[in-house]
Each structure stands twice: as C-alpha cells, then as structure tokens.
Amino acid sequence: MILIFYSWTALNGASGSSVAMGITDDRRRAMRAGEECLGSGQALVIIIDAVRPAMAPRTLAPCYVRTGVSWLGQRTGAGEVSWNRFFAPADPDDPRGPGRMGA
C-alpha cells in the first residue's frame, strides 16, 4: 500500500523564501492552511506537493518524495484563492519519472 501525503509551502514574493510549511494526509486541509497564509497576506503563493514516505539513499533516513503532482495556489483579484494543478517529475534526473516521457 502506498500512502500519499500533502506537503505545503507558503512563499512570500519579495525573496521567494518560505514563510510557513506543513504536511498532512488530507489535500483539503493543506489547501485550507495555505489559504490562511494567503488571506493573512503572509504569503503570495502556495505550493502543495503530493508526496510519499521513503528512505533517503545512503543514510536510510526517513523522508518524503514528490510523486509529481502539485498544486499552485494564488489569490485572485476578487480575493478568492485559485488552485491550478500541474505535473513535474518526482526526480528531475530520472527520465522515467512522472511528467516525463521515456523508457
């Protein structure tokens, strides 16, 4: 069984640095947390990545690995939050990763 979690990061626009982050097992909960950061003006952009538990190579330390499905959240002119799903490779160096075509 593969467990999927949702890692969210709130970014400010000035420096692009993270101002808040978290991980949850519920995508709606991750979106609500991101929306709170956007609503407070603390962040300009929220990125949510679907992730799965894994072990880091060489160290076997527990970590999370992106699955390749992500959401970008931004405020609209009307003050609502718009979420756009996008796909990116889980490992940019792996030609077989999600979001890539290849063998």
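Residues numbered from 1 in each chain as written. Predicted model: local features only at pLDDT ≥ 70, side-chain atom pairs only at ≥ 80, totals over all residues. Heavy atoms only, no water.

Enquirer: Looking at this structure, I do not really get the overall build of the protein chain. What am I missing?
Expert: In terms of regular secondary structure, the protein chain is built from 1 helix and 5 strands. Overall, the protein chain shows an N-to-C arrangement of helices and strands of β-β-α-β-β-β. For the protein chain, the residues scored as buried account for 25% of the 103 residues in total. Considering only residue pairs separated by 6 or more positions, the protein chain has 40% of its internal contacts joining residues 24 or more positions apart. In the structure as shown, the protein chain presents an accessible area of about 6,700 Å², 54% of it carried by carbon and sulfur atoms. (Helix = DSSP H or I, 4+ residues; strand = E, 2+ residues; numbered from the N terminus. Buried < 20%, exposed > 50% of the residue type's maximum accessible area, 1.4 Å probe, protein only. Contact = heavy atoms within 4.5 Å. Areas by Shrake-Rupley, 256 points an atom, 1.4 Å probe, with all protein chains shown as cover.)

Enquirer: For this particular structure, what's the right way to read the side chain of D49?
Expert: Within the secondary structure, D49 sits in strand β3 (residues 45-55). Summary of buried charges: D49 has no salt-bridge partner, and the nearest side chain of opposite charge, R66, is 4.2 Å away. Apart from the residues within four sequence positions on either side, D49 is in contact with F5, Y6, S7, R66, V69 and S70. (Lys, Arg positive; Asp, Glu negative; His and termini not counted. Salt bridge = Lys/Arg side-chain N within 4 Å of Asp/Glu carboxyl O.)

Enquirer: I would appreciate a short explanation of the packing of aromatic side chains in the present structure.
Expert: Two numbers describe a pair of aromatic rings. These are the distance of the centres and the angle of the planes. Counted according to the given criterion, the structure contains 2 aromatic pairs. Relative to Y64, the ring of F5 lies with its centre 5.7 Å away and its plane at 70°, an arrangement referred to as edge-to-face. Placement of the pair is F5 in strand β1 (residues 5-11) and Y64 in strand β4 (residues 62-75), with a sequence separation of 59 residues. A residue is classified by how much of its surface remains accessible, and Y64, at 46% relative accessible area, is partly exposed. (Phe/Tyr/Trp six-rings, centres within 6.5 Å; stacked < 30°, edge-to-face > 60°.)

Enquirer: Any chance you could explain helix α1 (residues 27-39) here in plain terms?
Expert: Each full turn of the α-helix corresponds to 3.6 residues, which orients residues three or four apart in the same direction. With 13 residues, α1 extends 18 Å from end C-alpha to end C-alpha; this agrees with the ideal 18 Å at 1.5 Å per step. All of the buried residues along α1 are A30, M31, G34, C37 and L38. All buried residues of α1 project into a common sector of 120° when viewed along the axis, lining one side. Buried-residue contacts for α1 involve β1, β2 (18-24), β3, β4 and β5 (81-87). Here α1 starts with a cap whose side-chain oxygen sits 2.8 Å from the backbone nitrogen of R28, and that cap is D26. Looking one or two residues beyond α1, the residue adopting positive phi is G41, at roughly 85°. (Expected span 1.5 Å × (residues − 1). Arc of directions from axis to C-beta. Polar contact = N/O pair within 3.5 Å; in protein donor to acceptor, adjacent residues only side chain to side chain.)

Purely geometric numbers; function is a separate question.
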